[in-house]
Amino acid sequence: MANTPNKVKYGLENVVYAKKTVSEAGEITYATPVKIPGAVNLSMDANGEPENFYADDGVYFVINNNNGYDGDLEIAMIPESFATDILNQTKDKNGVLIENADAQLEEFALGFQFKGDRKHIRHWLYNCSASRPSVAGKTTEATKTPQTDTLKLSATPLPNGLVKCRSGSETTADVYNSWFGKVYMPDTTTEVQTTSTPLVNTTLFIFK
């Protein structure tokens, strides 16, 4: 029963980001994940369609064009940590956030989970970039409706081809429970993965 797959998924919660760093040798590392509170909606569309190669008067080969995903993350408000870590805004001595046109935006991994009827489904997108959010607001009317922020995201493959990962019905308890404590990287020690080495023993947050 414990390994029974989910039949449905719903909801969105536990959205986190982990800043990506690339060394001079090309080694990729991630910072400790930071929570993005107030997740409202995440919609990521696949980028890249299969392409047919024709020969001998027919489809000779199908090329898989996987360019990752593009979409939007809607949240209650962009946290200051994301603004400084990823959007590279700076704080002056008075605690004021400053946006500079010369600032280069950072890449990051994005983690999140959907609820399931058996077990929550946890994800990592490995190589994300975000565009600068719009500035918008409107007057308060008879009822107060919170205004949200939307980040336009692009999740492209890493140089080794990795795009994303997600937990499954047979994901080990150690990996599942430490999912948001560190960006999960595939265990390639065996050809068929049956067990996984725990990444960390603790997490920064209490996740449902």
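Above this note sits the structure.
Here the structure is a predicted model, which is why all the values come from computation and not from measurement. (Residues numbered from 1 in each chain as written. Predicted model: local features only at pLDDT ≥ 70, side-chain atom pairs only at ≥ 80, totals over all residues. Heavy atoms only, no water.)

## Side note on the packing of aromatic side chains
So, step 1. Under the criterion given, the structure shown has four aromatic pairs.
So, step 2. Here Tyr 17 and Phe 82 contribute two aromatic rings whose centre-to-centre distance is 5.1 Å and whose plane-to-plane angle is 85°, an arrangement assigned as edge-to-face. Remark: Phe 82 occurs in helix H1 (residues 80-85) and Tyr 17 occurs in strand S1 (residues 9-22); sequence separation between them is 65 residues.
So, step 3. On the accessibility criterion, Phe 82 (1% relative accessible area) is buried.
So, step 4. Between Phe 82 and Phe 108 the ring centres are 5.4 Å apart and the planes differ by 85°, which places this aromatic pair in the edge-to-face class. Here Phe 82, found in helix H1, pairs with Phe 108, found in strand S10 (residues 108-116); they are 26 residues apart in sequence, far enough to count as distant. Pair check on accessibility: Phe 82 and Phe 108 agree, each one buried. (Phe/Tyr/Trp six-rings, centres within 6.5 Å; stacked < 30°, edge-to-face > 60°. Helix = DSSP H or I, 4+ residues; strand = E, 2+ residues; numbered from the N terminus. Buried < 20%, exposed > 50% of the residue type's maximum accessible area, 1.4 Å probe, protein only.)

## Description of unusual backbone geometry
So, step 1. In the Ramachandran plot, Asn 14 falls in the positive-phi region, its phi being about 55° despite a non-glycine side chain.
So, step 2. Unusually for a residue other than glycine, Asn 88 sits at a positive phi of about 60°.
So, step 3. Structurally, the position occupied by Asn 88 is in the loop between H1 and strand S8 (90-91).

## Remarks on the nonpolar core
So, step 1. Leu 73, Phe 82, Phe 108, Leu 110 and Leu 153 are the most contacted members of the largest nonpolar core, which totals 22 residues.
So, step 2. Looking at this core, the elements that each hand over two or more residues are S1, strand S4 (39-46), strand S7 (69-75), S10, strand S11 (121-130) and strand S12 (149-155).
So, step 3. Ranked by the residues each element gives to this core, the list is headed by S10, at four residues.
So, step 4. In this structure, Phe 82 is in contact with Tyr 17, Ile 36, Leu 87, Phe 108, Ala 130 and Leu 151, ignoring residues within four places of it in sequence.
So, step 5. Core analysis: the second largest hydrophobic core is formed by 13 residues, Val 16, Ala 18, Trp 179 and Val 183 among them. (Core = buried A, V, L, I, M, F, W, Y, C linked by side-chain atoms within 4.5 Å. Contact = heavy atoms within 4.5 Å.)

Purely geometric numbers; function is a separate question.
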